[in-house]
Amino acid sequence: MGRRSSSSKADLQNNLYKLWNRMSSGSYFPPPVRAVSIPKKSGGQRILGVPTVADRVAQMVVKQLIEPDLDPLFLADSYGYRPRKSALDAVGVTRKRCWKYDWVLEFDIKGLFDNIDHGLLLRAVRKHVTCKWALLYIERWLTAPMEHEDGTKAERKSGTPQGGVVSPILSNLFLHYTFDLWMARTHPDLPWCRYADDGLVHCRSEQEAQALKVELQARLAECRLELHPTKTKVVYCKDRSRRGAYPNVQFDFLGYCFRPRRVRRSRDNTLFCGFNPAVSSSALKAMRSTIRDLGIRHQHSCRCRCRPADQSPPTGLD
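What you see is a predicted model, and the numbers here were worked out from it, not measured in a lab. One numbering rule holds for all chains: residues counted from 1, following each sequence as written. Only residues with pLDDT of at least 70 get local features here, since the model is predicted, and only at 80 or more are side-chain atom pairs given and counted; chain-wide, interface and lining totals rely on the full set of residues. Derived side-chain values reflect all non-hydrogen atoms in the structure, with water molecules and hydrogen atoms excluded from consideration.

So, on to the state of the cysteines. The rule for a disulfide is simple: a pair of cysteine sulfur atoms within 2.5 Å. Summed over the entire model, instances satisfying the criterion amount to zero disulfides. The closest cysteine sulfur to the non-disulfide-bonded C203 is located on C237, 9.7 Å from its own sulfur.

By definition, a salt bridge exists where a carboxyl oxygen of Asp or Glu is found within 4 Å of a side-chain nitrogen of Lys or Arg. Within the structure shown, the criterion is met by nine salt bridges. In this structure, the salt-bridge partner of D180 is R194, at a minimum N-O distance of 2.9 Å. A residue pair is termed long-range when its members are at least 10 positions apart, and D180 in helix α7 (residues 167–186) and R194 in strand β6 (residues 192–195) qualify at 14 residues. Each residue's exposure class comes from its accessible area (1.4 Å probe, protein chains only) as a fraction of the maximum for that residue type: buried when under 20%, exposed when over 50%, partly exposed otherwise. Among the residues examined, D180 registers a relative accessible area of 0% and is labelled buried. On the basis of relative accessible area, R194 is assigned to the buried category, the value being 0%. Between R204 and E208 there is a salt bridge, and its shortest N-O distance comes to 2.6 Å. We classify E208 as partly exposed; its relative accessible area is 21%. Ionic contacts of the salt-bridge type, sharing partners, join the residues D189, R204 and E208 into one network. Put simply, DSSP H or I for four residues or longer makes a helix, DSSP E for two residues or longer makes a strand, and each gets a number counted from the N terminus.

Any pair of Phe, Tyr and Trp rings, taking the six-membered ring for Trp, is counted once the centres come within 6.5 Å. Such a pair is stacked with planes under 30 degrees apart, edge-to-face with planes over 60 apart, and tilted for the rest. Across all of its chains, the model carries 12 aromatic pairs by this definition. Taking the centre distance of 5.8 Å and the plane angle of 35° together, the rings of Y17 and W20 count as tilted. Separated by three residues within a single helix, Y17 and W20 lie in helix α1 (residues 2–25), roughly one turn from each other. Accessibility classification places Y17 together with W20 in one group, the exposed group.

Our next topic: unusual backbone geometry. With a phi angle near 55°, Y81 is a residue other than glycine that sits in the positive phi range. By the element assignment, Y81 lies in the loop between α2 (53–70) and α3 (87–100). Assessed through its relative accessible area of 40%, Y81 is described here as partly exposed.

This is the structure we're talking about:
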């Protein structure tokens, strides 16, 4: 056992040395990324581009090099794939803003990781990444072919593989210019929140939200992207003081469903209608599926009086 461990450790060190040697000399060429199909929560399939173990190590080296320079550029309301930021932070700030603004434009960018324009992305990368060998390998990763399950290889002219280590920070840089700075420049009075390709903009009226939807559609088209036709909608944050009949009074964001709910007032214990988040039905379905797959028997001895998940907002968000 001891000999095997020593041998494995030596092999690991040798492999890392070979990878370092190739990267430092400029002779490292990423192998094709493996296409893996996984089911979406909303139905259908999502194609991930899975790199080899050695390529993941190489991408991590570049990510750790460029992240300290790129992350400070990003705006505060960009939450996805960033150090010291989480999905719960985005849910918490969205909850508070829904109380202040009557309308929300919920948007989703269709196939972001598959459709990022290489020319526009590399223009942004070259502006902020000065290390020549990092630039070299980013370009090579963007154009590495995709290998399908039948062994065929497909050339890639756009996108950055969803599943690659360096892809999240590259997509954040692309959307920093495509959406974040554009919103700050054209609509500085409207708060927004973005987590990767999912985002929200809080508006004061339905007309303002609908007009913004048209503007955003045009802006994304300029950057070779498009809004998802069914996942993008205008929502009315209906509660006790906001009345009227509207087709959309709820939206899902990062596993939480925001909608009118009965909330208990802490100071006098009375109930009222508030617009608050709780775990979404799709997230609950995924949780139940995971628990079933674990094969844990149901415990009939539980005597606690469990509270329905949607009667109160998630803890830690106040």
